[in-house]
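# Architecture at a glance
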Amino acid sequence: MQEMTRTHSCGELTAADEGKEAVLMGWVNRRRDHGQLVFIDLRDREGITQVVLHPERDADAHQQAKTLRSEFVIAVRGKVSRRETDLINPNLKTGEIEVDVEQVEVLSEAKTIPFPIEDDITTSEDLRLKYRYLDLRRPQMQANFHLRHQVMMAIRSYMDRLGFWEIETPFLTKSTPEGARDYLVPSRLSHGSFYALPQSPQIFKQILMVSGFEKYFQIVRCFRDEDLRADRQPEFTQIDVEVSFPDVDAFFAVMEGLMEEVFKVRGIEIPRQFPRMNYREAMDRYGSDKPDTRFGVELQDFTEIFRKAEPSLFRDLVEQGKTVRGLVAPVSYSRRILDEIDAFVKQLGGAGVAWIKVTEEGRTAVPPIKKAGTVAIDAILAQAEAGPGEMVFMIAADRNDALTKLGALRLELARREGWIPPDKWNFLWVVDFPLFEFDAVENRWTSLHHPFTSPVAEDLSILESDTGKVRARAYDLVLNGVECGGGSVRIHSSAVQAQIFKLLGLSEAEANEKFGFFLEALQYGTPPHGGIALGLDRIIMLLARGQSLRDVIAFPKTARAVDLMSGSPSPVVDQQLKELGIRTRKS
Ligand code: ASP
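Below, the structure is looked at part by part. If you're wondering where the values come from, they're calculated on a predicted model, not measured in any experiment. (Residues numbered from 1 in each chain as written. Predicted model: local features only at pLDDT ≥ 70, side-chain atom pairs only at ≥ 80, totals over all residues. Heavy atoms only, no water.)

### Observations concerning the site of the ligand
Stated precisely, the cut-off is as follows: For this description, a residue counts as near a given molecule or strand if any of its non-hydrogen atoms is within 4 Å of it. Residues adjacent in sequence count toward polar contacts only when both atoms are side-chain atoms; beyond that, a polar contact is any pair of N or O atoms within 3.5 Å, and within protein one must be able to donate a hydrogen and the other to accept it. Surface accessibility follows the Shrake-Rupley procedure with a 1.4 Å probe radius. Residue values consider only the protein chains on display as shielding. Helix and strand assignments come from DSSP, with helices taken as H or I runs of at least 4 residues and strands as E runs of at least 2, each series counted from the N terminus. The nonpolar class holds Ala, Val, Leu, Ile, Met, Phe, Trp, Tyr, Cys and Pro. Asp, Glu, Lys and Arg form the charged class, and all remaining residues, Gly among them, are polar.
Every one of the twelve residues lining the ligand counts as a neighbour, but Gln-202, Lys-205, Gln-238, His-450 and Arg-490 are closest to it. Here Gln-238 contributes a side-chain N or O atom positioned 2.9 Å from an oxygen atom of the ligand. Against a free-state accessible area of 270 Å², the protein chains account for coverage of 87% of the ligand. Broken down by secondary-structure element, the contributors of at least two residues to the shell around the ligand are α5 (202–210), β21 (482–489) and β22 (529–535). A breakdown of the residues in the shell around the ligand according to their chemical character gives two nonpolar, six polar and four charged.

### Some thoughts on the sheet that holds strand β9 (residues 215–223)
Short version of the rule: By definition, two strands form a pair when at least two bridges between them are found by DSSP. Contact between two residues is taken to exist if any of their heavy atoms lie within 4.5 Å; hydrogens are not considered. Convention adopted: a line fitted to C-alpha atoms gives each axis, helices being fitted over their contacting stretch, and angles between N-to-C directions are expressed from 0 to 180 degrees.
Spatial strand order, β6-β9-β10-β22-β21-β20-β17-β11: eight strands in an open sheet with mixed pairing. Only two strands of the sheet have a single neighbouring strand rather than two, namely β6 (165–166) and β11 (276–278). By the bridge criterion, nine bridges tie β9 to strand β10 (residues 235–244) in an arrangement that is antiparallel. Across the sheet, residue Phe-223 finds its bridge partner in β10, namely Glu-235. Contacts from α5 reach β9, β10 and β22 within the one sheet, and its direction differs from that of β10 by about 25 degrees. Sitting on the sheet, helix α16 (residues 536–544) is in contact with β9, β10, β20 (474–479), β21 and β22, with an inclination near 45 degrees to β22.

### Some remarks on helix α13 (residues 399–417)
Where we set the bar: In a helix, the anticipated span is given by 1.5 Å times the number of residues less one. Note on exposure labels: buried denotes an accessible area under 20% of the residue type's maximum, exposed denotes more than 50%, and partly exposed covers the range between, all computed with a 1.4 Å probe on protein chains only.
With 19 residues, α13 should cover 27 Å at 1.5 Å per step; its first-to-last C-alpha distance of 27 Å lies within 8% of that length. For α13, every residue scored as buried is listed here: Ala-402, Leu-403, Lys-405, Leu-406, Gly-407, Leu-409, Arg-410, Glu-412, Leu-413 and Ala-414. Where the residues of α13 are buried, they touch α7 (279–286), β12 (299–301), β13 (323–329), α10 (335–346) and β16 (390–397). Where α13 ends, the next residue or the one after it, Gly-418, has phi of about 65 degrees, a positive value.

### Quick look at the packing of helix α4 (residues 139–161) against α16
Packed helix pairs are specified by the crossing angle of their axes together with the interaxial distance, meaning the distance between the axes. The criterion, for reference: Throughout, the term roughly parallel applies to angles under 35 degrees, roughly antiparallel to angles over 145, roughly perpendicular to angles from 65 to 115, and oblique to all others. In this scheme, a crossing is called left-handed if the near helix is turned counterclockwise away from the far one by less than a right angle; it is called right-handed if the turn is clockwise.
Where α4 meets α16, the closest approach of the two axes is 10 Å, and the angle between their N-to-C directions is 125 degrees. With respect to their mutual orientation, α4 and α16 come out oblique. The two elements α4 and α16 meet at a crossing, and its hand is right-handed. Each of Asn-144, Leu-147, Arg-148, Val-151, Met-152 and Ile-155 in α4 lies in contact with α16, whose residues at this interface are Leu-536, Asp-537, Ile-540, Leu-543 and Ala-544. Broken down by class, the residue content of the contact of α4 with α16 amounts to eight nonpolar, one polar and two charged.

### Regarding the side chain of Asn-426
When you line up the elements, Asn-426 lands in the loop between α13 and β17 (427–431). For Asn-426, a relative accessible area of 16% gives the class buried. A polar contact is formed between the side chain of Asn-426 and the backbone oxygen of Thr-293, at a distance of 3.0 Å. With sequence-adjacent residues up to four places away left out, Asn-426 is seen in contact with Thr-293, Arg-294, Val-478, Leu-479 and Asn-480.

### Some words on the nonpolar core
One broad trend across soluble globular proteins is that nonpolar side chains are buried collectively. Quick note on the threshold: The definition of a nonpolar core used throughout is a set of buried Ala, Val, Leu, Ile, Met, Phe, Trp, Tyr and Cys residues joined through side-chain atoms within 4.5 Å.
Judged by nonpolar contacts, the single largest core of 70 residues is most densely connected at Phe-306, Ile-369, Val-392, Phe-393 and Met-394. When near neighbours in sequence (up to four residues on either side) are disregarded, Met-394 contacts Phe-302, Phe-306, Phe-314, Val-324, Arg-325, Gly-326, Val-353, Ala-354, Ile-356, Ile-369 and Ile-380. Judged by nonpolar contacts, the second largest core, of 42 residues, contains Met-259, Val-262, Cys-484 and Ile-540.

The following block contains the structure:
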């Protein structure tokens, strides 16, 4: 038998290759027996080619073809021929040809596969994750990972062109405070001590600036032990960036250019000069610090109208210091749908949503609004410019509470009504975040971003006296209502850094114990610096139009942080624990 060497991929041959001899290798995607003829769709990473086994060409090969089953790996040698006109498949690059086989060799057999390798898959995700290597064979998955590769190449080449150096930082490190729980790794050589897997390379990249590297980036894995949702994974990849002597406008332009390169990979042109919006405005208009600006339906403030309204629940609430926020939407919902909307708001916590419905016949409203009187209702409708076929939804609560709930309702209505146009890519910088937020449970200030974020210079004087008002030199990059990155100009003075740690409730001893090395580093000539980290998985998910991060991470974990394929996490043998000086407690 002639030894076969692969000559072409399964996505390559066209009518121009007619008459050539080809050797293809790949997986049996499908076998069809047409009487004597056996047709096989042979698949590899590049595509599918139809190969045909004729009994008269080679009886052995033909006989063997009858035994081939799905996902066998085979090699075939044969001649490229044109298909008959009515058999041409215009959807395939190779659709005009087929290969008439003269020799077949089985390179590897396959057990019966647990689910078909096809894109319209209905198999449960758990089963697909258990057999991830099969799931990854699906053309859509192959395309997603090709895209991921191309995006990573585009990032590296762009950053290199701009003079950024990719420098790796350790995985076995000391805990960094990004707000999540750490994954810990016990030390064998120093029992009772632990490394933490980095939640991000934050401190290291800042120290690289102290070291004089000026422009750093890294495509880097980060680890956070959080409760997982569809858009979170315990290990995920960031495009981490830091520069010295930053000029925020110039830095934004660099990042916008990066996004331009990334989207170019998909042939998508995005408008440069992303708009900017300050945090307070984002909250007031969209009820979110990551507004989806692809559609309107912005929030409004009705508080003052209720202050002057007739005695009613909402007036009482306003007198108690609550605000009334609302939105007007082009919908005219029935009772049944309104109950669903109310239930949606209630599951966010607290009371439901009040509404006024305007029709050609007049208007109806829930009792607490009716009680506020017709003057108030007129004023609301006038301010909202609401006419027949529209409804006003309102929530009375503390400012943030009312805004975030309405923000969520706005998105829910958009989802129900299909307001979001496809193929729109709305980038937005959200700026001027507060530096701190108050954690009522722990009764202390916490950093909204992380404790290395610089306050706005003018606000330094009110750090202690009006902590909640201090603005941060922080920014988030938002795309279509998804936060795809965040960063800041950093504190580069050791004294200010120590002051911030103190404000966050860290004693001097604690600050020194945790970050002493960093505070020390800041004292040896630290350039002003700042940076950002972008969530690579999320960006690729949006570009690939995937539903979940699992569509763009080769070996992801489930919502319970389990790898169903390898079965991690898993118990270890006692000997391993002993070496680490660890005893487990069965509780
Ligand atoms: N380290 C930050 C994060 O992971 C990003 C940054 O400030 O550069 O969120």
